[in-house]
Amino acid sequence: MSMVTNTLGRYFAGRFVVSALGVFASIFVLLVLVDYIEMVRKTSGLVSVSAITVAETSLFRVPQLLEKMMPFCILIGAMTCYLALSRRLELVVARAAGVSAWQFIAPALVSAIVLGILATTVYNPMSANLSELSKRMEAELFGSAPGGGIQDASGFWINQVNSDGQVIINAARSEQQGIRLTGLTLFRFDTSYQFKERIEAREATLEDGRWAFKSLRRYSLDGPPVDQDSWYLPTSLTPAQVRNSFSTPETVSFWQLPSYIRSSESSGFATAGYRLQYHKLIAQPFLLAAMVMLAAAVSLRFFRFGGVQKMVLSGVGAGFLLYVLSKVTEDLSKAELMHPIASAWLPVCVGGLTGFLALLYQEDG
């Protein structure tokens, strides 16, 4: 019996992993197509841009978007797996052989935890690096001219005051956690806050005590535009301050988050966002296991009993409510109204206990 159970366990685990990876790949292809179409629309006026470069940019942007949908991929994959097993009466045969529902759910739980560990330790750093690479490629696509590439009117803003007056900097995109900015527009004012000039630059890099601007064009009130290869603006900003202003916790890899938290603490900045992201990544394997529990609770019903459609819809609804709960707790944590640990682990506990109680009622109630 032990050998049969182990064989069945490997079989159920394999079916679950194949279903989850299939859903993951399907959503990945869909997101790539949608993002590629959007990038083609944005680059339609650039004659020197090739379709391959646009496709690579979209391909590198999607992994970070897909990381947020990973719990739903596990939920849909687990539901698909158990519904297929139930429709083929394989679960009936397993129950007839003396295997309880808890035994053929356990392999999927272990597989989900393993997938979650890989997602945290391997996929997250890879998606963060690919996101930075996509930003660099996007800057090369749109930032070929001075001031070019300003696609977003809001972007990133810096207000800097020095002995010469005030400078307001707007950047369309940031790279390397704000160390490099592209698609810039600067508004310079004198010490009496009177407008002096507007500067458009292709890129700027934070160096020791200064911003280094390249490929810029200066517009003044009393003369024609002047092109300039480089220009330097003194600043008191440090890399830690820039990272805190420009970087989002989602763009920092799991292995770099502890150093970012320590750097922000030493600089006196708020670390709630980084701490929340760190604990969310730690809790991710158990969140995926909770999704398996929810999926099993709504998809183990035999087809001949009917009501499968309602059970599937209830599972999707439970997953949506769990997502809403995670967003609410995330906003509360970023506002420092909830501890990051409680915010990261509350959806895990709610989802896991809900699935566990539903399965307990169905199987042993």
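Owing to the predicted nature of the structure, the values given are computational and were not obtained by experimental measurement.

1. Examining the confidence of the model for the protein
(1) Moving on: Confidence along the protein averages 81 in pLDDT terms, with 88% of residues attaining 70 or more.
(2) Moving on: Across the protein, the secondary-structure element scoring lowest on mean pLDDT is helix α6 (residues 239–246), at 67, and the one scoring highest is helix α8 (residues 272–299), at 89.
(3) Moving on: Note that pLDDT drops below 50 for residues 144–153; the model gives that stretch 27 contacts with residues more than four away or on any other chain.

2. Side note on the environment of His 279
(1) Moving on: Within the element layout of this structure, His 279 appears in helix α8.
(2) Moving on: Once the C-alpha coordinates of His 279 and Phe 254 are considered, the two residues, 25 residues apart in sequence, prove to be 9.8 Å apart.
(3) Moving on: Ignoring sequence-local partners within four residues, the contact set of His 279 consists of Pro 340, Ile 341, Ala 344 and Trp 345.

3. With respect to the packing of helix α2 (residues 51–68) against helix α3 (residues 70–87)
(1) Moving on: Packing of α2 against α3 leaves a shortest axis separation of 4 Å and a crossing angle of 65°. Every residue of α3 that contacts α2 at Leu 66, Glu 67 and Lys 68 is listed here: Met 70, Pro 71 and Cys 73.

4. As for the nonpolar core
(1) Moving on: By size, the foremost hydrophobic cluster in this structure holds 41 residues, and its most contacted members are Phe 16, Ile 74, Tyr 82, Phe 104, Ile 105, Leu 300 and Leu 359.
(2) Moving on: In terms of residues, this core owes the most to one element, α8, which gives eleven residues.
(3) Moving on: Counting residues in each nonpolar core, the second largest holds 18 residues, with Ile 158, Leu 181, Ala 201 and Trp 231 among its members.

Conventions used here
Residues numbered from 1 in each chain as written. Predicted model: local features only at pLDDT ≥ 70, side-chain atom pairs only at ≥ 80, totals over all residues. Heavy atoms only, no water. pLDDT = per-residue confidence, 0-100. Helix = DSSP H or I, 4+ residues; strand = E, 2+ residues; numbered from the N terminus. Contact = heavy atoms within 4.5 Å. Axes fitted to C-alpha atoms, helices over the stretch in contact; angles between N-to-C directions. Core = buried A, V, L, I, M, F, W, Y, C linked by side-chain atoms within 4.5 Å. Buried < 20%, exposed > 50% of the residue type's maximum accessible area, 1.4 Å probe, protein only.

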